[in-house]
Amino acid sequence: MENEFRVVSQHLQSSSEKAHVTPLWLFVLATVVPLFVIIILANQSVEMRGQAFRDTYSAVRRMRTGQFPPYMGIVSNLGIVIWCAAWAVTGFISLVMFHKRAIRLGLFLLSQSVITGILVADDLLLMHEMVYPRFGIDEVVVFAVYICLVGLWVGTFRAVISFIGAGLLILSGLGFACSIVGDMLEGTQYHVPMMDGSGKLFGIFFWTAFALRGCWVMLEADRTPFFAVATQK
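Every chain begins its residue count from 1, and numbering advances along the sequence as written. Residues qualify for local features only when their pLDDT is at least 70, as the model is predicted, and side-chain atom pairs are given and counted only at 80 or more; totals for whole chains, interfaces and linings, by contrast, use all residues. Hydrogens and water are ignored here; the side-chain numbers use all heavy atoms of the structure.

1. Topic: the overall build of the protein chain
Next, step 1: Of the regular secondary structure elements, the protein chain holds twelve helices and zero strands.
Next, step 2: Under the scheme used here, helices are H or I runs from DSSP no shorter than 4 residues and strands are E runs no shorter than 2 residues, and both carry numbers assigned from the N terminus. Ordered by position from the N terminus, the helices and strands of the protein chain form the series α-α-α-α-α-α-α-α-α-α-α-α.
Next, step 3: In the protein chain, the proportion of contacts linking residues at least 24 apart, taken out of those at least 6 apart, comes to 72%.
Next, step 4: When the accessible surface of the protein chain is split by element, carbon and sulfur atoms take 68% of a total near 12,500 Å². Note on contacts: a residue pair qualifies if any of its non-hydrogen atoms lie within 4.5 Å across the two residues. Each accessible area value is a Shrake-Rupley result obtained with a 1.4 Å probe; residue values ignore everything except the protein chains displayed when judging cover.

Below, the structure written as structure tokens:
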């Protein structure tokens, strides 16, 4: 089955079909919005940037007064909303694929939805920052587990990802890598301001853009030989 996916994907790439080409608007969406937010915050005070990028709980805990500005945690909350979009869309379209008996495509989207759900729960509930350390689990271990989980998913569905186009996924990985490095450098002399929050924001947007791209391709795939392979038993 994996070889058949690869053959069909190579066939489409060498043919006149352009279904695998990522639309420009997805790159624009995943780039312009977070870049716009970062540019605005870059011109603000250090205190405001810290309050905007941190999750609401951490921002409140660090404040010395009882005044809570309306922008507190706005970037973190924006990331949660975008996370949930990817989570909901991939979960729903996976059901559509199962209904069409495209089991492998359904499993691809369902597994991406599960991974997204794990990551959004971590981000929303501060799992790697507060919950796991209480059980003696260092955040480096948590990051390593997440990386292995995503790597397993990519390896399992590499032919499907190749058909969709891996550009957005690679950009997402680079964003999250910058976020992890920035998080680990926090409190050291090598810390780069906004690196953690900016990297994560770009990573989330590109991850969601890849999810939307994948769902769109799956809905259009029944017009290509790729879908015929996906529905084979």
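2. Things to note about the confidence of the model for the protein chain
Next, step 1: Per-residue pLDDT for the protein chain averages 78, and the proportion of residues at 70 or more is 70%.
Next, step 2: Values of pLDDT, ranging from 0 to 100, describe the predictor's confidence in every residue of the model. Counting contacts from residues 11-19, a segment whose pLDDT is below 50, to residues more than four positions away or on other chains yields 13 contacts.

3. Focus: the nonpolar core
Next, step 1: Residues Phe108, Trp153, Phe210 and Met218 are the most contacted members of the largest nonpolar core, which totals 39 residues.
Next, step 2: Sorting the residues of this core by element identifies α2 (24-42), α5 (74-99), α6 (103-125), α8 (139-156), α9 (158-164), α10 (167-185) and α11 (195-220) as the ones contributing at least two each.
Next, step 3: For this core, the element with the most residues is α11, which contributes twelve residues.
Next, step 4: Each residue touching tryptophan 153, except ones within four places of it in the same chain, is listed here: Phe108, Ser111, Gln112, Ile115, Ile161, Leu169, Trp207 and Phe210. Working definition of a nonpolar core: buried Ala, Val, Leu, Ile, Met, Phe, Trp, Tyr and Cys residues. They are joined through side-chain atoms within 4.5 Å. Type-normalised accessible area, obtained with a 1.4 Å probe on protein chains alone, sets the label of each residue: buried when under 20%, exposed when over 50%, and partly exposed for intermediate values.

4. Thoughts on the environment of alanine 102
Next, step 1: Secondary-structure assignment places alanine 102 in the loop between α5 and α6.
Next, step 2: In this structure the C-alpha to C-alpha distance between alanine 102 and methionine 218, which are 116 residues apart in sequence, comes to 9.3 Å.

5. Examining the packing of α5 against α11
Next, step 1: To obtain each axis, a line is fitted to C-alpha atoms, and for helices this fit is confined to the stretch in contact; angles are then taken between N-to-C directions over 0 to 180 degrees. Here α5 crosses α11 at 20°, and the two axes come no closer than 9 Å. Regarding the angle of α5 to α11, the classification is roughly parallel. The element α5 and its partner α11 pack so that their crossing is left-handed. Facing α5, whose interface residues are Val75, Leu78, Gly79, Ile82, Trp83, Ala85, Ala86, Val89, Thr90, Ile93, Val96 and Met97, α11 presents Leu201, Ile204, Phe205, Trp207, Thr208, Ala211, Leu212, Cys215, Met218 and Leu219.
Next, step 2: Amino acids outside the nonpolar list (Ala, Val, Leu, Ile, Met, Phe, Trp, Tyr, Cys, Pro) and the charged list (Asp, Glu, Lys, Arg) are all regarded as polar, and Gly is one of them. Counted by class, the contact of α5 with α11 contains 19 nonpolar, three polar and no charged residues. Any angle between 65 and 115 degrees counts as roughly perpendicular, while under 35 counts as roughly parallel, over 145 as roughly antiparallel, and the rest as oblique. Left-handed describes a crossing whose near helix is turned anticlockwise from the far helix by less than a right angle; the clockwise case is right-handed.

6. Here we look at the packing of α10 against α11
Next, step 1: Here α10 crosses α11 at 160°, and the two axes come no closer than 7 Å. In terms of orientation, α10 lies roughly antiparallel with respect to α11. Here the hand of the crossing between α10 and α11 comes out left-handed. Every residue of α11 that contacts α10 at Leu168, Leu169, Leu171, Ser172, Gly175, Phe176, Cys178, Ser179, Val181, Gly182 and Asp183 is listed here: Met195, Asp196, Gly199, Lys200, Gly203, Ile204, Phe206, Trp207, Ala209, Phe210 and Arg213.
Next, step 2: Each residue belonging to the contact of α10 with α11 can be placed in one class, and the counts come to twelve nonpolar, six polar and four charged.

7. Some words on unusual backbone geometry
Next, step 1: In this model, arginine 101 sits at a positive phi of 65°, which is unusual for a non-glycine residue.
Next, step 2: Backbone geometry at leucine 126 places phi at a positive 55°, although glycine is not the residue there.
Next, step 3: With respect to the element layout, leucine 126 can be found in the loop between α6 and α7 (127-134).

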